[in-house]
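A look at the structure
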Amino acid sequence: MAENIKNQNLEDDEMFVTLDLDDGSQVECEILTIFEVNKQDYIALLPLVEEGDDEEGEVFLYRYIETEDSEPTLANIEDDDEYEAVADAFDEWLDEQEFEELEDEE
């Protein structure tokens, strides 16, 4: 579990976290969603650069685990098949979001 959520901030209904990476650097990310695949929770994070812009549309996917103390922890997805299932579920979530936006415009 190399990456940990350092802090969370609630701003205009958007959640942000700071990740501590293995190399000692930190990345500010927006939480896009937390979702379940095969009875395991996962989180999708959008890394941000200065002024809240995203870095080239890149999204980080991690296992999302809450400890007994309700502390959120992230774990890398090591298995290719697991990652593929999680990426597919996230893509479906994105498609649903785009469909809802289209419905709202009508």
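Read on for an overview of the structure.

Criteria and cut-off values
- Residues numbered from 1 in each chain as written.
- Predicted model: local features only at pLDDT ≥ 70, side-chain atom pairs only at ≥ 80, totals over all residues.
- Heavy atoms only, no water.
- Pairing = 2+ DSSP bridges.
- Helix = DSSP H or I, 4+ residues; strand = E, 2+ residues; numbered from the N terminus.
- Salt bridge = Lys/Arg side-chain N within 4 Å of Asp/Glu carboxyl O.
- Buried < 20%, exposed > 50% of the residue type's maximum accessible area, 1.4 Å probe, protein only.
- Polar contact = N/O pair within 3.5 Å; in protein donor to acceptor, adjacent residues only side chain to side chain.

Quick look at the pairing of strand β2 (residues 14-20)
Relative to strand β3 (residues 26-37), β2 runs antiparallel, the two being bridged by 6 bridges. What sits directly across from Val-17, in β3, is Cys-29. Linkage of β2 to β3, two consecutive antiparallel strands, is achieved through a turn of 5 residues, within which Gly-24 is found at a positive phi near 90°.

What to know about the pattern of salt bridges
Pairing between side chains becomes possible if they bear opposite charge and their charged atoms approach one another. Under the definition given, this model contains 1 salt bridge. Linking Glu-82 and Arg-63 is a salt bridge whose minimum nitrogen-to-oxygen distance equals 2.6 Å. Taken together, the residues span a long stretch of sequence, with Glu-82 in helix α1 (residues 80-105) and Arg-63 in strand β5 (residues 60-66) at a distance of 19 residues.

Some remarks on the environment of Arg-63
What makes Arg-63 partly exposed here is its relative accessible area of 24%. Residues Arg-63 and Val-86, spaced 23 residues apart in sequence, show a C-alpha to C-alpha distance of 9.3 Å. A polar contact of 2.6 Å, which involves the side chain of Arg-63, links it to the side chain of Glu-82.

Some words on unusual backbone geometry
A positive phi is found at Lys-39, a non-glycine position, where the angle reads about 65°. Note that Lys-39 resides in the loop between β3 and β4 (40-47). Accessibility expressed as a relative area gives 79% for Lys-39, which makes it exposed. One non-glycine residue, Ser-70, adopts positive backbone phi at about 65°. We classify Ser-70 as exposed; its relative accessible area is 51%.

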